[in-house]
Number of protein chains: 2
Amino acid sequence: MEGAYSFLRRLFFPISIIILLFFTVLNLPYPPSSPADLSSSSDTGGCTTNSAWCFSSKNRFHSTKKQLVLDHPTESSKRSRHINAVPRHPLDPLTISEFNKVKAIIQSHELFQNTQYALHTVALEEPEKQSVLKWKKGDPLPSRKASVVARAKGDSHVLTVDLDSGSVAVVETGHHSGYPTMTVEDMTSATWAPLSNADFNRTIIDRGVDLADLACLPISLGWFGKTEEKRRLIKVQCYSSKDTANFYMRPIEGLTVLLDLDTKEVVEIVDKGKNIPIPKAANTDYRFAAQNSHQNLLNPISIEQPKGPSFTVEDDHLVKWANWEFHLKPDARAGVIVSRVKVKDPLTGSMRNVMYKGFSSELFVPYMDPTDAWYFKTYMDAGEYGFGLQAMPLDPLNDCPRNAYYMDGVFPAADGTPYVRSNMVCVFESYAGDIGWRHSESPITGLPIREVRPKVTLMVRMAASVANYDYIVDWEFQTDGLIRVKVGLSGILMVKGTSYVNLNQVNAQENLFGTLLSENVIGVIHDHYITFYLDMDIDGSNNSFVNVNIQRAYNSPDVSPRRSYLKAVRNVAKTEKDAQIKLKLYDPSEFHVINPSKRTRVGNPVGYKVVPAGTAASLLDLDDPPQRRGAFTNNQIWVTPYNRTEQWAGGLFVYQSKGEDTLATWSDRNRPIENKDIVLWYTLGFHHVPCQEDFPIMPTVSSSFDLKPVNFFESNPILNIPPNAEKDLPICNAAASA
Amino acid sequence: MEGAYSFLRRLFFPISIIILLFFTVLNLPYPPSSPADLSSSSDTGGCTTNSAWCFSSKNRFHSTKKQLVLDHPTESSKRSRHINAVPRHPLDPLTISEFNKVKAIIQSHELFQNTQYALHTVALEEPEKQSVLKWKKGDPLPSRKASVVARAKGDSHVLTVDLDSGSVAVVETGHHSGYPTMTVEDMTSATWAPLSNADFNRTIIDRGVDLADLACLPISLGWFGKTEEKRRLIKVQCYSSKDTANFYMRPIEGLTVLLDLDTKEVVEIVDKGKNIPIPKAANTDYRFAAQNSHQNLLNPISIEQPKGPSFTVEDDHLVKWANWEFHLKPDARAGVIVSRVKVKDPLTGSMRNVMYKGFSSELFVPYMDPTDAWYFKTYMDAGEYGFGLQAMPLDPLNDCPRNAYYMDGVFPAADGTPYVRSNMVCVFESYAGDIGWRHSESPITGLPIREVRPKVTLMVRMAASVANYDYIVDWEFQTDGLIRVKVGLSGILMVKGTSYVNLNQVNAQENLFGTLLSENVIGVIHDHYITFYLDMDIDGSNNSFVNVNIQRAYNSPDVSPRRSYLKAVRNVAKTEKDAQIKLKLYDPSEFHVINPSKRTRVGNPVGYKVVPAGTAASLLDLDDPPQRRGAFTNNQIWVTPYNRTEQWAGGLFVYQSKGEDTLATWSDRNRPIENKDIVLWYTLGFHHVPCQEDFPIMPTVSSSFDLKPVNFFESNPILNIPPNAEKDLPICNAAASA
């Protein structure tokens, strides 16, 4: 145990010293270890094959000790694959050489001469939808463009860089009420910056924490009024990492530093927690190596595919499995993007369009404590921190089973230098022992029939660790045409220090804003909302949204003695407001996206329905500043007409925004949506009242919604799939170590 | 294809002929093939070792051809195990020899002398809860008793048979407004009985159906008033099985026979469907052998455990796995019963009580068509048909994966003779590639931490085929203390014939009561409700039910600029009406069952919460006769004080009952429930608007609710479980046939 602790202490100490030294001699808005200074420009575009940092942003900011976590047997082959990568599909993400080209073009652009600047987003600017839809394998790619969001001299610029011509088009420039997604450099430098302030250091020491044990987090502060106007700010809160890897459980409660993110200047230090002890380290470390005892409850169990998986990944991004095909790519902001999702029609054999593009567009995570050190915690993890930037390498055999395929992400540092996030996404086949469909004849008929099909699905997974919390995002494809989108919550709670060690000390009238989880530790109540962008294209782009309302109807007594029954009443949404859906338990509906121009043999319009679950709704006051920014959670379902610029439910510049550019404001324009290219938005919601089982790390809690074919196929599309037979299953032996 | 059809035709034809012959010469209330006539009384108690029928009720009613479906490699060893079985736990179900003892005792009881009689229920009368709780392995068993529900001379009798003394106590006798669960003999004889009526046969022939192709179903008719008073009735509806195994898709629409279940007399024949054609057989057969083409989309995939499963089943019924232990048994009415559910405390090592008993108590499946041939379809599958009686043998490798353990059911025929339902329940470990808990440190801290634990669970499964529908009921146990109860719906829709072949023929005003699925076939809208009995005993029997209401609160502006937040307000239910819970999306709560006498180290009461999902609510008029009978679905959650006689949510005699003995009537007595031995009831609900993908057989649709520890453990109970490592996983090869 002691070994693990001292390892961490050894780690923090030199870093802190180095940073302090740097801040004594320099006063730079970007830390000196920025990739631009470290990278050598080479033919491979700034990412030398023997440079370890190139393969992990993590490695760039900290000691090389951590490399081992990311090491992977195929690292060197991956390295050359990434360096030689060329785009092969119109939606393929930017390659390393394309990132480097963008970097060079930006470097020489007039906006960025003789000034510090940072690139907050560099990503493929996807070609026009129509040209992607027309494109076929073998065709030349539409021209490659990069969308760049950059900051310089206090302004945010949205640029389009043409990678062929090298030209730069300025799409938007100047002041915005909000700011772009933080760079990783913004976040890490914010955690060090307060250490250059003597008052801060004195406060920490006054709270009994050794500076060498300090761990701080950059906490986005939302927008609450004048204080947050006209400068890019962040709050920093700190923890003691003494004797635990889980510093999150040891808050220096009540201490908040307000920091200018551009100048790294400490604006304000508030400490309202002087009387609150720092919770003890005991029982907080969750790492296997830190446990006193080990419990081997289970024999080894594994999903085995001796002939290998049944899917292929063509050209690094095109996934083909069973009756499905889709394009898959990592994204710094969204995490994972699936595009051009098509499913095979079992009758015609043709691939039919289901969804043009799907991704997690924004998160909203308001904490329910209105006091000084907590009120502002109303995170928007995608737009503020970058859901993909925080998606760390997956752990083979634990995050994903054997036979998983791992996809890397390539993202730019603040200066535009690309780096590789290894194993960021995995793709695997799952079989849990579940049943695809079945029927036995019963003793009533006694017919000798027992037909059962096992259910095997394809999973696409990433896990984003936005500081303490871990979000596991799964896209699951089923052979029956269903797509399940599932979000799992694990990781570590954001907790609050308290002087209480037992509930019996708490006055019945007092509101703890959460649950006492351990001595001096409160798990604060919070919500999670994850809003998905789902550009459904059911057999083509022009679709309609239909509310199939299930209503009680009454029967005339001359027909039968039955009094009431339910009937389904279809209402096609004409405009956006018709499709602002608050789910109703006692006035239920099905929600279909149909192609009004295409019908089945017997005349039903072909469609998919969104099947809600995880339906928790935000209950904050609609005029509360956080809820105005998170107004995209005011309804569980929205439908908007397709508009290239409307992709981020909280707005492009969500950081410190006031909520003037959200899905809610777009939708209130009430544009026509009938028989148009439409986008469906669904929000998964969770209320989380913590409990002791969540301490010191949370067992995964999941929720999911489905996109389910409804009269899309003429009939059950998986009739002719064979059942399992003993002769086809593998023959396994215990491992060599057994 | 033709081969499969002609096999079925060969099967139906001789049976029909034989039945017609029998009904010409005999006029018995029980068909001549009743087990009493076929079975030879022997030392093994009426179940001879070489008699195949003994091991399947199915085999007893039909040709021996069907045996092959049930054959199982271990059949003969199972046979002797069942015959020699002795009870070893107070809750063990009746053994074959105990069933035979009951049969003999009843035979010689005065109530049943010189009269026809039928045993509708013979099941263990469980000992008093206190004596079960006190019992420890090695102690002598509490005295063994059987609870018998029998009918004779038009009366229903509830008896307790003491198996030691042979004494019979009459618990209840005489007239009831409802009747007991049908015997399998009731159901099968109802399908044949109309054939003895010349008018019926003429009607069938008039509808163009050959008598040899006829397949009929016994359909419980609920209660709608005088017509259903004072005689045990059933409706029979028929189908053509010509050219398909899926006769359900070929209804002889509009034809309903009203039959007296006791006398088998045809009371009334109504045919309102003369103008409705019988839908074609094309595309209806779902069997693999009947498909024109096969699609092998996937390589073999299997859950492999080379060292075998990690659970044991002691004394045939006591399941031990990881940190769980529970008693498991099949039940003719409930399907599966789990009892004495305990989980290990990781700190003390002791087994802690969670639930005394859990099972699916009743189903309510109202169809939403008020017309003559449909209005009465408001099934209560457990109390009317026997959810366990309809649970057929599971299909190894398809219903359950490799390494599953199969448990047989032993049930009595109407004359009391026991038979074995092979492989009725399976137990297996599931691993889907999911994550138990995880945390990676993010690029913000850059710490070298990535800890992930795979999620392996234990599943208990049965699949009940109540004629057309298949209900898959899963009890899933997780190592983190969570119990998930999941119901999957598959099987075949109950469809309605129509003259329409395309929606364009239908007037916009006309209500089809469902979806046109294929030419001349409508899938009628319906609901499914499955109500679970959950006798929670959190660390002891005396528990309380707490509504933890999540409310919006407002903040004073001098504290912070945040306006609103959510707080959790705990309300302990004093009496039953406080715990009649209609879920509210916008006024949410958590629902805890706590032990008010036991607190965690920091003072939280230990508890479990029920986490709702599948929350569809019945929207029928509360005064509609079906909803009065199904009043147990008026709330999603109820809590009652423990009462041995209150187990069946729709009442003990649910068949044709008026709804005077339901969970709703018990709960309205508003008894105290605070710090008492309480029972939690949860109803999973589904609205089902059919779609073409459900034709001719439905891909499984599932919903589940959770019982989740909430401050039950001091902390996350699965910290010290190791992650997967390559060296522990199996080494597999493709099967020999590869």
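Cut-offs used in this document
- Residues numbered from 1 in each chain as written.
- Chains lettered and ligands numbered in written order.
- Predicted model: local features only at pLDDT ≥ 70, side-chain atom pairs only at ≥ 80, totals over all residues.
- Heavy atoms only, no water.
- Helix = DSSP H or I, 4+ residues; strand = E, 2+ residues; numbered from the N terminus.
- Buried < 20%, exposed > 50% of the residue type's maximum accessible area, 1.4 Å probe, protein only.
- Contact = heavy atoms within 4.5 Å.
- Buried area = accessible area lost by both parts, 1.4 Å probe.
- Salt bridge = Lys/Arg side-chain N within 4 Å of Asp/Glu carboxyl O.
- Polar contact = N/O pair within 3.5 Å; in protein donor to acceptor, adjacent residues only side chain to side chain.
- Nonpolar A, V, L, I, M, F, W, Y, C, P; charged D, E, K, R; others polar.
- Pairing = 2+ DSSP bridges.
- Least-squares fit on C-alpha atoms with pLDDT ≥ 70 in both.
- Disulfide = S-S within 2.5 Å.
- Phe/Tyr/Trp six-rings, centres within 6.5 Å; stacked < 30°, edge-to-face > 60°.
- Lys NZ or Arg CZ within 6 Å of the ring centre and 35° of its normal.
- pLDDT = per-residue confidence, 0-100.
- Axes fitted to C-alpha atoms, helices over the stretch in contact; angles between N-to-C directions.

1. Concerning unusual backbone geometry
Residue F695 of chain A is joined to P696 of chain A through a cis peptide bond whose omega torsion reads 0°. Relative to the assigned elements, P696 of chain A resides in the loop between strand 30 (676–688) and strand 31 (698–709). Positive phi, close to 50°, is recorded for K153 of chain B, a residue that is not glycine. Its place among the elements puts K153 of chain B in the loop between strand 2 (145–152) and strand 3 (155–162). A relative accessible area of 62% places K153 of chain B in the exposed class. A positive phi angle is found at N403 of chain B, which is not glycine, with a value near 70°. Residue classification places N403 of chain B among the partly exposed residues on the basis of a relative accessible area of 29%.

2. Thoughts on the interface of chain B and chain A
The interface of chain B with chain A comprises 202 residues on the first partner and 203 residues on the second. Both sides together, the interface formed by chain B and chain A hides about 18000 Å², and carbon and sulfur atoms give 57% of it. Run the count over chain B and chain A and you get 14 salt bridges. A salt bridge links E519 of chain A to R601 of chain B; its shortest N-O distance comes to 2.8 Å. Linking chain B with chain A are 106 residue pairs in polar contact (both at pLDDT 80 or more), by the criterion used here. When residues in the side of chain B that touches chain A are grouped by element, the largest group, 14 residues, is from strand 17 (residues 418–440) of chain B. Class assignment of the residues belonging to the side of chain B that touches chain A gives a composition of 104 nonpolar, 54 polar and 44 charged. Bridging between strand 32 (residues 731–733) of chain A and strand 32 (residues 731–733) of chain B involves three bridges; their strand directions are antiparallel. Across the sheet, the residue bridging to I731 of chain A is N733 of chain B, located in strand 32 of chain B.

3. Quick word on the pattern of salt bridges
Applying the stated criterion across every chain yields a total of 97 salt bridges over all chains. The closest approach of N and O atoms between D262 of chain A and R151 of chain A, which form a salt bridge, is 2.7 Å. Within this pair, whereas D262 of chain A is found in the loop between strand 7 (255–260) and strand 8 (266–271), its partner R151 of chain A is found in strand 2 (residues 145–152), the two being separated by 111 residues in sequence. Assessed through its relative accessible area of 27%, D262 of chain A is described here as partly exposed. Between K598 of chain B and D539 of chain B there is a salt bridge, with the nearest N and O atoms lying 2.8 Å from each other.

4. Some thoughts on the pairing of strand 30 of chain A
Residue and element names in this part refer to chain A. With 12 of 13 residues buried, strand 30 is to be regarded as a mostly interior element. Inspection of the sheet shows strand 24 (residues 526–536) paired to strand 30 by nine bridges, in the antiparallel sense. Each bridged residue has a counterpart across the sheet, and for Y529 the counterpart in strand 30 is G685. Two strands pair when backbone bridges link them, and strand 25 (residues 542–554) and strand 30 are joined in this way by two bridges, in the antiparallel orientation. Residue pairing across strands places N543 opposite K676, the latter belonging to strand 30. Here five bridges tie strand 29 (residues 637–641) to strand 30, and the two strands are oriented antiparallel to one another.

5. A word on the relation of the copies chain B and chain A
Superposing chain B onto chain A takes a rotation of 180° combined with a translation of 0.0 Å along the rotation axis, leaving an RMSD of 0.0 Å. Both chain copies can therefore be described as sitting about a two-fold axis. When the interface residues of chain B are mapped onto chain A, 100% of them again fall at the interface, so both copies present the same face.

6. Notes on the state of the cysteines
Taken as a whole and assessed by the stated rule, the structure comprises five disulfides over all chains. A disulfide bridge connects C732 of chain A with C732 of chain B, and the sulfur atoms are separated by 2.1 Å. For the disulfide bridge between C732 of chain A and C732 of chain B, the dihedral angle about the S-S bond is near 110°, and by the sign convention the bridge is right-handed. You can see C732 of chain A sitting in strand 32 and its partner C732 of chain B sitting in strand 32, one on each of two chains. Between the sulfur atoms of C216 of chain B and its disulfide mate C238 of chain B the distance is 2.1 Å. With the S-S dihedral at roughly 100°, the linkage between C216 of chain B and C238 of chain B falls on the right-handed side. With C216 of chain B in strand 5 (residues 214–219) and C238 of chain B in strand 6 (residues 233–240), the pair connects residues that are 22 residues apart, well separated along the chain. No difference in accessibility class separates C216 of chain B from C238 of chain B, as the two residues are buried.

7. Brief notes about the packing of aromatic side chains
A ring pair, where both rings are aromatic, is described by two values, the distance of the centres and the angle of the planes. The tally for this structure, following the rule as stated, stands at 56 aromatic pairs over all chains. Measuring from ring centre to ring centre gives 4.6 Å for F359 of chain A and Y533 of chain A, while their planes differ by 25°; the resulting arrangement is stacked. Placement of F359 of chain A in strand 14 (residues 351–366) and of Y533 of chain A in strand 24 is noted, with a sequence separation of 174 residues between them. Across this residue pair, the class does not change: F359 of chain A and Y533 of chain A are buried. If you follow K129 of chain B out to its NZ or CZ, it ends over the ring of Y642 of chain B, 4.6 Å from the centre. Positioned over the ring face of F712 of chain B is R352 of chain B, at 3.8 Å from the centre of the ring.

8. Quick look at the environment of Y500 of chain A
Residue and element names in this part refer to chain A. Its place among the elements puts Y500 in the loop between strand 21 (495–497) and strand 22 (514–518). Residue Y500 is classed as buried on the basis of its relative accessible area, which comes to 16%. The spacing of Y500 and I276 is 224 residues in sequence and 8.9 Å in space, taken between C-alpha atoms. A polar atom in the side chain of Y500 sits 2.4 Å from the side chain of E510.

9. Let's talk about the environment of N283 of chain A
Residue and element names in this part refer to chain A. Relative to the elements of secondary structure, N283 occurs in the loop between strand 8 and strand 9 (302–304). With a relative accessible area of 59%, N283 lands in the exposed category. For the pair N283 and M249, spaced 34 residues apart in sequence, the C-alpha to C-alpha distance is 9.8 Å. Not counting residues within four places of it along the chain, the set of residues in contact with N283 comprises F695 and P696.

10. As for the confidence of the model for chain A
Predicted confidence across chain A gives a mean pLDDT of 90, with 89% of residues reaching 70 or more. Counting contacts from residues 13–73 of chain A, a segment whose pLDDT is below 50, to residues more than four positions away or on other chains yields 106 contacts.

11. Some thoughts on the sheet that holds strand 2 of chain A
Picture the strands of a sheet paired through backbone hydrogen bonds; they go either parallel or antiparallel. Residue and element names in this part refer to chain A. Spatially, the four strands line up as an open sheet ordered 1-2-3-4, and their pairing is antiparallel. Unpaired on one side and paired on the other, strand 1 (117–124) and strand 4 (168–174) mark the two borders of the sheet. Between one strand axis and the next, the sheet turns through 20° on average, direction left out of account.

12. What to know about helix 8 (residues 184–192) of chain B
Burial of helix 8 of chain B is extensive: nine of the nine residues sit out of reach of the surface. What helix 8 of chain B keeps buried is the set V184, E185, D186, M187, T188, S189, A190, T191 and W192 of chain B.

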